[in-house]
Amino acid sequence: MTRKQFDYVPTEIEPKWQKKWLDKNLFYVENDSGPKPKKFVLEMFPYPSGRIHMGHVRNYSIGDVMARYFRMRGYNVLHPMGWDAFGLPAENAAMQNNVHPKKWTYENIAVMKAQLNRLAMSFDWRREITTCEEDYYRWEQVMFLRMLKEGLAYREKRKLNWCPSCETVLANEEVVDTRCWRCDSVVIQKEMDQWFLKITKYAEELLAGIDTLTQWPEHIKTMQRNWIGKSVGAEIDFAIEKHPGNTIRVFTTRPDTIYGVSALLLAPHHKLASKLNEMGELPAGVQDTETTDKVGFFTGSYAIHPLTGEKIPIWLANFVLTDYGTGALMVVPAHDERDFEFATKYKLPIIKVVEGGDLPFTEDGMSVSSPLINGLKTGDAKKKIIDHLVQKKRGEAKINFRLRDWGISRQRYWGTPIPIIHCPKDGIVPVPEKDLPVRLPENVEFKKTGGSPLAQSPEFLNVKCPKCGGPAKREPDTMSTFVESSWYYARYPSIKHGNEAVNKKDCDYWLPVDHYIGGVEHATGHLLYFRFFQKLMRDWGWVSGDEPAKQLISQGMVYKDGAKMSKSKGNVVDPDELIARLGADTARLFVLFAGPIEKDLEWSDQSVEGCYRFLGRVYRLVMNGLQDLHATKAEDRATSGDEKKLQHLMHKTIKNVTADIEKDFHYNTAISFMMEFVNGLYQIDLSAASTEMRALYKKCLENLVLMLSPFAPHLGDELWSEMGHKEFTLNTNWPKYNEELAKSSEKEIVFQINGKIKDRAICRDGTPDEELKELALSNLKIKEGLGGKSPKRVIVVPNKLVNIVV
Ligand code: ANZ
């Protein structure tokens with residue numbers, strides 16, 4: 001019989017399987033009332049910006065292997081995908097290329113969806129979410145109105161971050177080092193009427209909940225804790241000399257240091273600042289909040305110390321934040337670094353009131369020079385001062401959060417309209433629920449300047465007031481797109497939502513998300529907002545749990561030539577090009593093999609080629625093997641030494657691959673174990689093999705193909721069907737291993753004299769002590785070393801060593 005030559009040609013294999021999977025609805029999933037446990041595997045959905053990039057490939061491959069693996073392990077797996085479809089780029093494209101944002105968005109979605117299918121992503125597309133669709137964003141309007149009714153949405157004039165280039169307000173979370181997160185322009189402050197969502201209502205719970213997120217990365221939890229920024233302390237009132245009836249309220253975390261106060265500091269825009277400032281104009285430096293220099297200015301006014309009655313000078317300073325605490329603080333130079341620096345610069349007294357170390361001493365210690373609390377430890381001292389101030393009606397205990405309410409108004413077109421009508425007579429009037437959705441009009445003009453197109457569209461703007469019927473105007477702003485991504489995870493579980501945002505029964509079955517995969521850049525934005533919405537929806541009885549996602553996996557970024565892959569750097573590798581040349585399985589394998597998933601990944605052409613060669617090796621190994629073994633039935637049995645060795649390799653590989661996937665998805669090492677397995681199989685000469693060996697070998701090939709299939713699903717199904725199996729690998733059970741057979745059957749034993757190594761030998765696992773002792777004593781090197789002396793003692797450590805003491 002002539003032997004066939006086999007070439008691995010992914011372009012011939014891959015499209016065929018993609019079609020079969022989609023035709024057979026292989027990725028559809030239903031709720032299961034049976035014994036199958038559920039898994040909800042979710043990757044952060046993409047913004048449809050044009051084409052899939054390598055970062056997406058990595059993100060979705062990580063989730064896809066998980067989804068496929070769990071399904072083979074017998075879980076009922078939900079693995080959905082959608083589109084975060086509102087947003088600025090669509091609008092910018094509209095202005096630059098004169099294409100409607102909707103058209104642009106849907107065209108991109110079509111391209112990206114095809115790309116995801118080409119990458120074998122096992123999504124249940126029936127559950128696809130496109131956030132710019134009326135049927136999605138209408139529920140956001142419903143939620144907004146409900147929040148409005150409950151006082152959780154409100155309108156307020158505030159100084160806000162304004163990006164002059166995007167011409168829109170940005171949330172604090174969208175400002176990175178004073179710049180716009182999207183376009184990098186320096187952000188300015190602008191005072192405007194805005195809509196806010198009261199995330200601060202949940203500040204305490206959002207903070208406490210972090211402790212329950214045992215499967216979230218520590219660094220992300222720390223970022224959230226700091227962002228929420230809980231400070232426990234007190235507010236204290238200082239009377240003002242010559243201004244009876246006025247007080248300055250300060251916030252402090254250290255009320256115990258009150259006897260060490262040498263000044264009060266107000267933010268330059270504190271409401272009393274101009275009243276108290278007897279010196280006229282403010283010097284420029286005091287208003288400069290950008291610099292790290294501490295600039296202060298004595299107002300000429302004095303406050304009265306609430307405990308000692310002493311006169312305390314009132315200053316203005318640039319580093320006091322207007323909207324933190326009360327916008328005013330007490331300066332205690334001896335026990336605060338910043339205050340120490342400030343007092344040193346302006347020659348204010350430095351009064352030590354806590355004993356414990358060199359100044360500035362900022363830790364807890366023992367109060368001194370503080371009549372009420374001398375000798376008390378910091379914790380007790382704080383309590384006593386607060387009690388005293390409360391009694392004198394001069395202050396109270398106070399907890400402050402750094403977290404601010406979430407400003408969601410955006411002066412843009414391509415977003416969810418805020419369902420509000422402004423009536424000259426009735427003021428702010430919510431759009432009645434029966435009139436929802438407030439549709440985003442399609443027929444608007446996109447001009448390069450002039451703000452939001454909605455504000456320029458009379459057909460949209462002009463409405464009748466629902467209350468008085470008089471002429472009124474719609475709210476022209478739209479919601480931040482982060483609102484859409486705050487609840488999408490709860491929309492996926494139900495296919496037929498009917499007339500509701502989310503379906504309780506389906507959410508109860510599928511939520512929380514078991515594994516949520518995405519980038520670290522969302523730590524204090526999206527990942528906080530979706531926790532907030534979970535609690536909101538829980539309080540409304542829409543969902544049950546307190547937290548939306550059990551495990552968070554924050555994947556690293558993809559680099560090339562030392563820089564993050566990005567269009568502006570010109571170092572982008574196009575996944576399509578890679579797929580066309582080497583196949584989707586290679587692309588998937590590369591992003592998973594190149595390093596641990598949470599670490600950054602450096603692109604390497606060699607490593608890509610290496611992955612391709614490996615898959616080719618597997619293909620040829622199996623196809624060649626099948627030529628010899630097509631009539632052989634796979635069996636897991638071994639008698640001879642060689643057979644036992646191979647059997648051990650097989651069980652060990654299954655064990656290691658399984659353990660590595662289970663152990664926080666260590667895919668890269670799991671793949672290495674499969675590579676070793678393939679090397680081992682190549683060493684076996686089938687032509688000389690026993691019947692038993694051949695059956696075992698076939699079993700090995702089967703298990704190899706099954707284990708590889710979540711990583712390289714096209715190749716997996718191709719080879720599996722070549723083996724004569726009718727089922728898809730995804731519907732086949734993950735291989736099992738036997739713990740005993742997986743254990744290494746050989747151990748290296750070290751032979752020592754007086755603790756010095758003389759020789760080594762390979763022994764069976766569990767060789768009895770007596771046998772090891774005999775082996776050692778009859779070893780040539782040991783005999784030499786003993787030089788005829790007889791041993792005093794022989795110490796045996798099973799499976800490890802024999803030490804001979806002379
Ligand atoms: C007196 C004091 C003594 C303070 C001491 C600290 C140590 P966190 O932890 O961030 O909440 N502070 C209060 N309001 C401020 C504002 N609007 N802008 C800038 N700083 C402000 O910080 C609370 C501390 O920061 C407060 O406690 C106050 O200084 C200062 F030994 O009061 B402390």
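Here the structure is a predicted model, which means the values were calculated and not measured.

Engineer: It is not clear to me how the overall build of the protein chain should be interpreted in this structure. Could you clarify?
Structural biologist: Within the protein chain, the secondary structure is distributed over 24 helices and 34 strands. With the C-alpha coordinates of the protein chain rotated into their principal frame, the extents come out at 105 × 85 × 50 Å. Here the protein chain holds 806 residues, and 53% of them are scored as buried. For the protein chain, the share of sequence-separated contacts (at least 6 apart) that also reach a separation of at least 24 residues comes to 72%.

Engineer: Help me out: how do you make sense of empty space enclosed by the protein in this one?
Structural biologist: A probe matching the size of a water molecule, rolled over the atoms, marks out where space remains unfilled. Enumeration according to the criterion identifies 4 cavities of 30 Å³ or more in this entry. When residues of the lining of the largest cavity are traced back to their parent elements, those giving at least two are α3 (88-97), β6 (168-170) and β25 (478-479). The leading source of residues in the lining of the largest cavity is β6, at 3 residues. Class assignment of the residues belonging to the lining of the largest cavity gives a composition of 7 nonpolar, 6 polar and 5 charged.

Engineer: Whenever I open this one, the site of the ligand confuses me. Can you help?
Structural biologist: Near the ligand, the surroundings consist of 18 residues, among which S231, T252, L321, Y324 and H335 are the closest. T253 places a main-chain nitrogen or oxygen 3.0 Å from an oxygen atom of the ligand. In this structure, L321 approaches the ligand through a main-chain N or O atom, which is 2.9 Å from a nitrogen atom. Of all elements in the fold, only β11 (247-252) and β15 (328-331) reach the threshold of two or more residues within the shell around the ligand. Among the elements that take part in the shell around the ligand, β15 stands out by supplying 3 residues, more than any other. The residue inventory of the shell around the ligand, partitioned by class, reads 9 nonpolar, 6 polar and 3 charged.

Engineer: For this particular structure, what's the right way to read the pairing of strand β10 (residues 230-240)?
Structural biologist: Side chains on a regular strand alternate between the two faces of the sheet. The buried fraction of β10 is high, at 8 of 11 residues. The pairing of β10 with strand β18 (residues 395-401) spans 7 bridges and is classified as antiparallel. Residue A234 lies in a different strand from β18, and its bridge partner there is A397. Two strands pair when backbone bridges link them, and β10 and β11 are joined in this way by 6 bridges, in the antiparallel orientation. Across the sheet, residue A234 finds its bridge partner in β11, namely T252.

Engineer: How do you make sense of the pattern of salt bridges when you look at a structure like this?
Structural biologist: By the definition in use, this model includes 49 salt bridges. Between R249 and D237 there is a salt bridge whose closest N-O contact spans 2.8 Å. Within this pair, whereas R249 is found in strand β11, its partner D237 is found in strand β10, the two being separated by 12 residues in sequence. The class of R249 is partly exposed, set by a relative accessible area of 24%. Looking at D237, the relative accessible area reads 13%, which means it is buried.

Engineer: What is the right way to look at the domain arrangement of the protein chain in this model?
Structural biologist: For interface size, the figure often reported is the accessible area lost on association. If you check the domain split of the protein chain, you get domain 1 (230-401), domain 2 (567-742) and domain 3 (746-805). In this structure, domain 1 and domain 3 have C-alpha centres spaced 74 Å apart.

Engineer: Explanation requested: the state of the cysteines in the structure shown.
Structural biologist: Put plainly, a disulfide is one covalent bond tying together the sulfur atoms of two cysteines. Tallied over the entire structure, the rule returns 0 disulfides. The structure places no disulfide on C166, whose sulfur is separated from the nearest cysteine sulfur, that of C183, by 3.7 Å.

Engineer: Teacher, can you tell me more about the nonpolar core here?
Structural biologist: Considering soluble globular proteins, one finds that nonpolar side chains tend to be buried as a cluster. Residues F144, W406, Y516, Y667 and F711 are the most contacted members of the largest nonpolar core, which totals 185 residues. Ranked by residue count, the leading element in this core is helix α17 (residues 605-629), at 11 residues.

Engineer: Where do I start with the packing of helix α2 (residues 54-72) against helix α16 (residues 584-593) in this structure?
Structural biologist: The N-to-C vectors of α2 and α16 enclose an angle of 90°; their axes lie 9 Å apart at closest approach. In terms of orientation, α2 and α16 fall into the roughly perpendicular class. Note on element contacts: α16 touches α2 through A587, R588, V591 and L592, opposite M54, V57, R58, S61, I62, D64, V65 and R68. A per-class count over the contact of α2 with α16 returns 7 nonpolar, 1 polar and 4 charged.

Engineer: Mind showing me how you'd approach the sheet that holds strand β19 (residues 406-407) here?
Structural biologist: Within a sheet, adjacent strands bond to each other through the backbone by hydrogen bonds, running parallel or antiparallel. Pairing is antiparallel in the open sheet, where 4 strands are placed in the order β6-β5-β9-β19. The sheet terminates laterally at β6 and β19, the two strands that pair on one side only. Two elements, strand β5 (residues 153-163) and strand β9 (residues 188-197), share 10 bridges in a ladder whose sense is antiparallel. In the strand pairing of β9, A153 is matched with L197. Along the sheet, helix α5 (residues 134-149) makes contact with β5 and β9, crossing β9 at roughly 90°.

Engineer: Any chance you could explain the packing of aromatic side chains here in plain terms?
Structural biologist: Counting across every chain of the model gives 42 aromatic pairs. Taken together through their ring pairs, the aromatic side chains of Y69, F70, Y75, F665, Y667, F711 and W734 make up a single cluster. A cation over a ring is seen here: R138 above W139, with NZ or CZ 5.2 Å from the ring centre. A cation over an aromatic ring shows up here: K294 above the ring of F319, its NZ or CZ 5.9 Å from the ring centre.

What counts, and at which threshold
Residues numbered from 1 in each chain as written. Predicted model: local features only at pLDDT ≥ 70, side-chain atom pairs only at ≥ 80, totals over all residues. Heavy atoms only, no water. Helix = DSSP H or I, 4+ residues; strand = E, 2+ residues; numbered from the N terminus. Buried < 20%, exposed > 50% of the residue type's maximum accessible area, 1.4 Å probe, protein only. Contact = heavy atoms within 4.5 Å. 1 Å grid on protein atoms, 1.4 Å probe; cavity = no way out; pocket = protein on both sides within 12 Å on 5 of 7 lines; lining within 4 Å. Points joined across faces, edges and corners; volume = space filled by probe spheres on them. Nonpolar A, V, L, I, M, F, W, Y, C, P; charged D, E, K, R; others polar. Near = heavy atom within 4 Å. Polar contact = N/O pair within 3.5 Å; in protein donor to acceptor, adjacent residues only side chain to side chain. Pairing = 2+ DSSP bridges. Salt bridge = Lys/Arg side-chain N within 4 Å of Asp/Glu carboxyl O. Domains from an automatic or database assignment. Disulfide = S-S within 2.5 Å. Core = buried A, V, L, I, M, F, W, Y, C linked by side-chain atoms within 4.5 Å. Axes fitted to C-alpha atoms, helices over the stretch in contact; angles between N-to-C directions. Parallel < 35°, antiparallel > 145°, perpendicular 65-115°, else oblique. Phe/Tyr/Trp six-rings, centres within 6.5 Å; stacked < 30°, edge-to-face > 60°. Lys NZ or Arg CZ within 6 Å of the ring centre and 35° of its normal.

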